[in-house]
Amino acid sequence: MLSKKIQAALAGSSAIRAMFMEGKELAAKAGVENVFDFSLGNPATPAPEAIKQAIKDLADKVDPLALHGYMPNSGFEDVRAKVAENLNSRFGTDFTWENIVMTVGAAGGINIAFKTILDPQDEVIVFAPYFGEYKNYAANFDASVVEVAPDFETFQPDLAAFEAAFSEKTKAVLVNTPNNPTGVIYSDDTMKGIARILSEKEKEYQKEIYLISDEPYRELVYDGAKENFLTKYYRNTIVGYSFSKSLSLPGERIGYLAVPNEAVDSKELLAGIEVANRTLGFVNAPSLIQKAVAACIYEKTNLDFYDKNRKVLYEGLTRLGFTCVKPQGAFYLWLKSPVEQEADFVAAAKKYNLILVKGSAFGCGGYVRLAYCIPHEKITRSLDAFAKLAKEYHLGE
């Protein structure tokens, strides 16, 4: 008999993965070239050449016993120092290697942060729409998420609703900017508002409430937007990062957590995170790829590729009569369903070999998500299929 937790997880299995599997089935029938699969946020640009060279150099030149062996649970100290130096040079932070813990991707990082700070029945506030796995991450530690609706004009968080969402059980607030699924970047005013409310609630409830920033899309920003780092807003911040998108390495599962010295009991917090990394069974982040990303810490994926896709898709869909949020970052487009039940719209799209993901999977029904990290020629060819879908709903008439 399966555990009750895993039974619940199976019942709420990822809608994104489900649509991805439907896309594969459709491709087997119609031909992969004829299916426009916007379901999965899998990077579509190759890792920078420097990554390949770094891996070769490490394999050829470094003692394999050292390269592939155990290290401290927080990761290689020289790798953590490279991460700290990179953040300090870009964001004016004051980190050393001791402020950094290398993790098995951002997901692993969030889970070890949750294990460190959450007790059963605690609550984590999230801003809808949000990455649906956050619910499962909280449930891993018998905690739950509390959803806060957005301002539906801007898809910035509704700060009044945020303030009303706190309770005695609130232990953390989880933010994701640039946002998956909307592509919206939370503004400076939004982050200052979140920080102000957090500070007030800490005083009201006489306890630490953590801001956890999930930042896998930090480098994927457009139209002159600046990359941001959220420790400057609020002292009790834990930043989680992944190289999956910035270096096109999702399968390598490599990222880090950064904890500023300003956080209350920061050394104890970091020690707890290190222990959680071990006791959750990660032990440490993968050794080879730690060294490789440290050697390529200033490299980036081909942002122009995603920007080109973004512009063609957004302009094409709005021209056809669809209502979309213009992405400011990441590689997702958030489209308003022309009917109230977006599941019906998703089903209609499949008739034209278009694979979209329901907004309800992100805690925000009435919308769908498109991941535009697919070949550019598929973006352009998909517009004919979208034109047929628009005609079915009498859009643009």
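Cut-offs applied
- Residues numbered from 1 in each chain as written.
- Predicted model: local features only at pLDDT ≥ 70, side-chain atom pairs only at ≥ 80, totals over all residues.
- Heavy atoms only, no water.
- Core = buried A, V, L, I, M, F, W, Y, C linked by side-chain atoms within 4.5 Å.
- Buried < 20%, exposed > 50% of the residue type's maximum accessible area, 1.4 Å probe, protein only.
- Helix = DSSP H or I, 4+ residues; strand = E, 2+ residues; numbered from the N terminus.
- Contact = heavy atoms within 4.5 Å.
- Phe/Tyr/Trp six-rings, centres within 6.5 Å; stacked < 30°, edge-to-face > 60°.
- Pairing = 2+ DSSP bridges.
- Salt bridge = Lys/Arg side-chain N within 4 Å of Asp/Glu carboxyl O.
- Axes fitted to C-alpha atoms, helices over the stretch in contact; angles between N-to-C directions.
- Parallel < 35°, antiparallel > 145°, perpendicular 65-115°, else oblique.
- Nonpolar A, V, L, I, M, F, W, Y, C, P; charged D, E, K, R; others polar.

**Description of the nonpolar core**
- Core analysis: the biggest nonpolar cluster contains 35 residues, and Phe38, Leu313, Leu370 and Phe386 have the highest contact counts within it.
- Put simply, the parts of the chain that give this core at least two residues each are helix H12 (303–319), strand S10 (332–336), helix H13 (342–350), strand S13 (367–371) and helix H14 (376–392).
- When residues no more than four places from it in sequence are discounted, the contact partners of Leu370 are Phe38, Leu313, Leu317, Phe331, Tyr332, Leu333, Leu335, Leu356 and Phe386.

**So, the packing of aromatic side chains**
- On inspection of all chains with the given rule, the structure shows 26 aromatic pairs.
- Pairing Phe155 with Tyr367 gives two aromatic rings, centres 5.2 Å apart and planes at 85 degrees, and the pair type is edge-to-face. Pair noted here: Phe155 is in the loop between strand S4 (144–148) and helix H8 (159–164) and Tyr367 is in strand S13, with a separation of 212 residues, a long-range link.
- According to the relative accessible area criterion, Phe155 is buried, its value standing at 3%.
- Residues Phe322 and Phe345 carry aromatic rings whose centres are separated by 6.2 Å and whose planes lie at 50 degrees to one another, so their mutual orientation is tilted. Linking Phe322 in the loop between H12 and strand S9 (324–325) with Phe345 in helix H13, this pair joins segments that are 23 residues apart in sequence. Per residue, the accessibility class of Phe322 equals that of Phe345, and both read buried.

**Quick word on the pairing of strand S8 (residues 255–258)**
- The alternating pattern of S8 places Gly255 and Leu257 and Tyr256 and Ala258 on opposite faces, both of which are buried.
- Relative to S8, strand S2 (residues 100–103) runs antiparallel, the two being bridged by four bridges. Each bridged residue has a counterpart across the sheet, and for Val101 the counterpart in S8 is Leu257.
- With four bridges connecting them, strand S7 (residues 237–242) and S8 associate as antiparallel partners. In the strand pairing of S8, Val239 is matched with Ala258.

**So, the pattern of salt bridges**
- This model, assessed by the stated rule, comprises 19 salt bridges.
- Across the salt bridge formed by Lys5 and Asp142, the nearest N and O atoms sit 3.2 Å from each other. Of the two residues, Lys5 is situated in helix H1 (residues 4–11) and Asp142 in the loop between helix H7 (133–139) and S4; the sequence distance between them amounts to 137 residues.
- Asp142 sits in the partly exposed class, given a relative accessible area of 40%.
- Ionic pairing is found between Lys201 and Glu204, a salt bridge with its closest N-O pair at 3.1 Å. On the criterion of helical spacing, the pair formed by Lys201 and Glu204 is a turn pair, its members being three residues apart in helix H9 (residues 188–205).
- Each of Arg90, Glu215, Arg218, Glu219, Glu227 and Lys300 takes part in a single network of salt bridges with overlapping partners.

**Focus on unusual backbone geometry**
- Following Ala128, the chain continues to Pro129 via a peptide bond in cis, the omega torsion being -5 degrees.
- Counting through the fold element by element, Pro129 comes out in the loop between strand S3 (123–127) and H7.
- Following Thr177, the chain continues into Pro178 via a peptide bond in cis, with omega recorded as -5 degrees.
- Phi is positive for Gln206, which is not a glycine, with a value near 55 degrees.
- With respect to the helices and strands, the residue Gln206 is situated in the loop between H9 and strand S6 (210–214).

**Topic: the sheet that holds S9**
- Ordered in space as S9-S10-S13-S12, the four strands form an open sheet in which the pairing is antiparallel. Two strands close off the open sheet at either side, each with one partner strand: S9 and strand S12 (357–358).
- Here S12 runs beside S13; their pairing, made up of two bridges, is antiparallel. Each residue of the ladder has a partner; that of Lys358, found in S13, is Val368.

**Things to note about the packing of H12 against H14**
- Where H12 meets H14, the closest approach of the two axes is 10 Å, and the angle between their N-to-C directions is 10 degrees. In terms of axis orientation, H12 runs roughly parallel to H14. Contacts from Phe305, Lys308, Asn309, Val312, Leu313, Gly316 and Leu317 in H12 reach His376, Ile379, Thr380, Ser382, Leu383 and Phe386 in H14.
- In terms of residue class, the contact of H12 with H14 is made up of seven nonpolar, five polar and one charged.

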